[in-house]
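# Structure assessment
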Amino acid sequence: MYSEQQNQSSLLPWRFIKNCMKTLTYDLHLHSCLSPCGDNEMTPATIAGMAKIIGLDLIALTDHNSCKNCPAIQKAANAYGILFLPGMELTTAEEVHVLCYFPQLTAAMNFDSYVSSHLPHIPNKPALFGEQRICDEEDQILGQENRLLISATDIPFSSVYDLVQQFDGIMVPAHINKPSTSLLGNLGFIPEDSRFSCAEIKNDADWPLLQQQFPYLQHCNHLCSSDAHDLNAIHEPIYTLQTTGTTPEDLLTAIQTRI
């Protein structure tokens, strides 16, 4: 009798946590007009406004190798009452795309400076690749990034986990089963020394088969985000994240937690 009561009482904290969990709709892979492949209409205020109209609770900006539009979209998202995580889609030396999320804007901008120092000095050609606009929260153009942001950095995939942790962030390999610019598409396998605990896929239905093919993923959470480069591609509020709170730290924990 005692052991049964003890067992029941041990379940109470988890039951309590589950009852207190919040369900947030999200899209955590969005590109602004700073990404050369991003539509010029993907301005900070417009992205935040569209997310509000659609009904998303949480968004992240993940431009290629840059966080320079994160300050503007954070202000715009706050004005609309939308939760926001500053982020980046880092291109590794192997041309593997990795989503990096940070709890604070300061950390994201410090990471931006670090990545900038590891980006090759290849000039952007706006007529060929598209403009790379830096905006304020009212969508006024402040300037342009002159280096081509879709270039590969010299940062190897194997060092991303520790590197992002130094800036209090987390890594999520992007669209892992995409034929190109992805972990499985470019490397063909998950390195044995990997420590990431969440991966992004395009379609939720792909996850069970991927877990069978790559046992490492059986212990991971997964996200399904849009990788939107234009307003029409931003996800409707169909994918959800379970979290115990809405602080940036809570959100990062929820992304990494398999439920």
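Attention here is on the structure that accompanies the text. (Residues numbered from 1 in each chain as written. Predicted model: local features only at pLDDT ≥ 70, side-chain atom pairs only at ≥ 80, totals over all residues. Heavy atoms only, no water.)

## Here's the deal with helix α3 (residues 70-80)
- Within the span of α3, buried status applies to C70, A72, I73, A76 and A77. Down the axis, α3 shows its buried residues gathered within 155° of arc, on one side only. Along α3, the residues that are exposed and aim more than 90 degrees away from the buried face are N78 and A79.
- On its buried side, α3 packs onto α2 (44-54), β2 (58-61), β3 (83-91), α4 (105-116) and β5 (133-135).
- Where α3 ends, the next residue or the one after it, G81, has phi of about 75°, a positive value. (Buried < 20%, exposed > 50% of the residue type's maximum accessible area, 1.4 Å probe, protein only. Helix = DSSP H or I, 4+ residues; strand = E, 2+ residues; numbered from the N terminus. Arc of directions from axis to C-beta. Contact = heavy atoms within 4.5 Å.)

## Comments concerning the pairing of strand β8 (residues 198-201)
- Residues C198 and E200 point to one face of β8 and A199 and I201 to the other, with burial holding for every one of them.
- Judged from the 4 bridges that link them, β8 and strand β9 (residues 221-224) form a sheet pairing that is parallel. Looking across to β9, one finds that I201 is bridged to C224.
- Crossover β8 to β9 through helix α8 (residues 207-213) is right-handed. (Pairing = 2+ DSSP bridges. Right-handed = clockwise from strand over helix to strand, strands pointing away.)

## Looking at a nonpolar patch on the surface
- Together, L128, F129 and I150 line one region of the surface with nonpolar side chains, adding up to about 260 Å² of accessible area.
- Inspection of the secondary structure assignment puts F129 in helix α5 (residues 126-129). (Patch = residues over 30% accessible without salt bridge, like charges linked within 9 Å, V, L, I, M, F, W, Y side chains within 5 Å. Areas by Shrake-Rupley, 256 points an atom, 1.4 Å probe, with all protein chains shown as cover. Salt bridge = Lys/Arg side-chain N within 4 Å of Asp/Glu carboxyl O.)

## Thoughts on α2
- Listing the buried residues of α2 in full gives P44, A45, I47, A48, G49, A51 and I54.
- Among the structural elements, β1 (22-30), β2, α3 and β5 are those in contact with the buried residues of α2.
- Phi for G55, located one or two positions after α2, is positive at around 105°.

## As for the sheet that holds β3
- As summarised here, the arrangement of the 6 strands in space is β7-β4-β3-β2-β1-β10, forming an open sheet in which the pairing is mixed. The open sheet is flanked by β7 (170-173) and β10 (240-243), the only strands paired with a single partner. Shown here is a sheet whose adjacent strand axes are inclined to one another by a mean of 35°, direction ignored.
- Bridge count for β1 against β10 is 4 bridges, and the pairing is antiparallel. Bridge pairing in β10 places K22 opposite T243.
- Set on the sheet, α4 makes contact with β3 and β4 (97-101); between it and β3 the angle comes to about 15°.
- Packed onto the sheet, helix α9 (residues 248-256) meets β1, β2, β3, β4, β7 and β10 and runs at close to 115° relative to β10. (Axes fitted to C-alpha atoms, helices over the stretch in contact; angles between N-to-C directions.)

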